[in-house]
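Chain by chain, the residues run as shown.
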Amino acid sequence: MGDSTVVVDTLDLSGSHFSADIPANGEDGIYNVMFAGNVNFRFAASPNDTLKFDINITPTFLHYTVEGNEYSKLLQEQQVLMGNTISVLDSLDGINKMYRDSVNFEEVRMGLNQVYQSTMINHRQALIDMVNDDSTNLTNIFVIYHQVGNSPVLNPSTDIDIFYRIDNGVFSRYPDHPIAKTYHNSIQKFRENVARQRAAQQARMSIQEGALAPSITLKDPFGEERALKDLRGKVVLIDFWASWCMPCRQNNPHLVSMYNKYKNKGFDIYSVSLDGLPNQRGLPREDWRNAIQQDGLIWPNHVSDLKGWDSEVVTSYGIEGIPFTVLIDREGYILGTNLRGEALEQKLEIYLGN
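Residues numbered from 1 in each chain as written. Predicted model: local features only at pLDDT ≥ 70, side-chain atom pairs only at ≥ 80, totals over all residues. Heavy atoms only, no water.

An unreviewed UniProt entry lists the chain under the name TlpA family protein disulfide reductase, with Phaeocystidibacter marisrubri as the source organism.

This is the structure we're talking about:
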């Protein structure tokens, strides 16, 4: 159920037969029967279903049919499809090994590659056809788990419309089903990530020299709001960093040096921390405060929403990695990005040297 498997029964074989009464939780379910040797098959069942199985099993092969539930037939179709594809690919691998040392191996290899590509295209299309036949089918969720070797047959980068169609169809029919809910939640996160990536990509196009820097208003370590616009009239380096970022920490002494050299000439630093990762050890706020003190970051403008990569500044500035810096002039217009070391000092000399 959901993203986990729950053991519901152990089946005892009597000769070549078994029977079992499996309690249902009041909704359609997906079950997996496991045999020795890691041979298994899935079937679907609804409350009050009576299913009949015809199974032919060896240590490495299983053929089965299921009567009594339409979804079970669809799961069987998926398994048969995968079995046929694996059989073809195993044959291609055998031919490849047979001709490896032959003089016409390259020609054979090209032919095998064409068969491989055709097989994978047919497998992909068969899965898509299954989804298109009934987008509300609960077994559609298992379509996306088809994988050959380490390569998924359907990929979000090229088949995202199929992933969305499965979610829209299955979740509309089974809004409370744990399998549907788990898949829906994963797709929602994917949609959010896609939206963030698109927004960040658009932001990166606008974070260029001569553009007005996006506004930032966040709280300092003591809960007081500090706005970037309050530093108008100064040349400001916006420094995106985090206590957990070692390259950022290694760069901090250079920032301290630049600050001490130019602070009396109208230069300031506005530090934005990306502390607050979900898996960040310790307390993010304390980690942030301690890093400021340990690295001697004496300027007062330190801000963060402690959301890590989910921070709004990541999207608005199109940040892909840290440390990342944006230098802005006295009116808030961008003078350069990712300036550090000698490149930063050259810019500061131009605008503050005299």
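Asks: Quick rundown of the packing of helix α5 (residues 246–262) against helix α8 (residues 341–352)? Include the residues and the values.
Replies: With their axes 12 Å apart at the nearest point, α5 and α8 run at an angle of 10° to one another. By the angle class used here, α5 and α8 are roughly parallel. The handedness of the crossing between α5 and α8 comes out as right-handed. Residue-level contacts link L255, M258, K261 and Y262 of α5 to L344, E345, L348, E349 and L352 of α8. Residues belonging to the contact of α5 with α8 are distributed by class as follows: six nonpolar, no polar and three charged. (Axes fitted to C-alpha atoms, helices over the stretch in contact; angles between N-to-C directions. Helix = DSSP H or I, 4+ residues; strand = E, 2+ residues; numbered from the N terminus. Parallel < 35°, antiparallel > 145°, perpendicular 65-115°, else oblique. Left-handed = near helix turned anticlockwise from the far one by under 90°. Contact = heavy atoms within 4.5 Å. Nonpolar A, V, L, I, M, F, W, Y, C, P; charged D, E, K, R; others polar.)

Asks: Before we move on, could you go through the sheet that holds strand β10 (residues 267–273) and cite the residues and values that matter?
Replies: Within a sheet, adjacent strands bond to each other through the backbone by hydrogen bonds, running parallel or antiparallel. Within the open sheet, the five strands sit side by side as β11-β10-β9-β12-β13. Their pairing is mixed. Both edges of this open sheet fall to β11 (302–303) and β13 (334–337), since each of them pairs with a single strand only. As defined by bridge partners, strand β9 (residues 235–241) adjoins strand β12 (residues 324–328) across five bridges and the pair is classed as antiparallel. Looking at β12, one finds that D239 is bridged to T325. (Pairing = 2+ DSSP bridges.)

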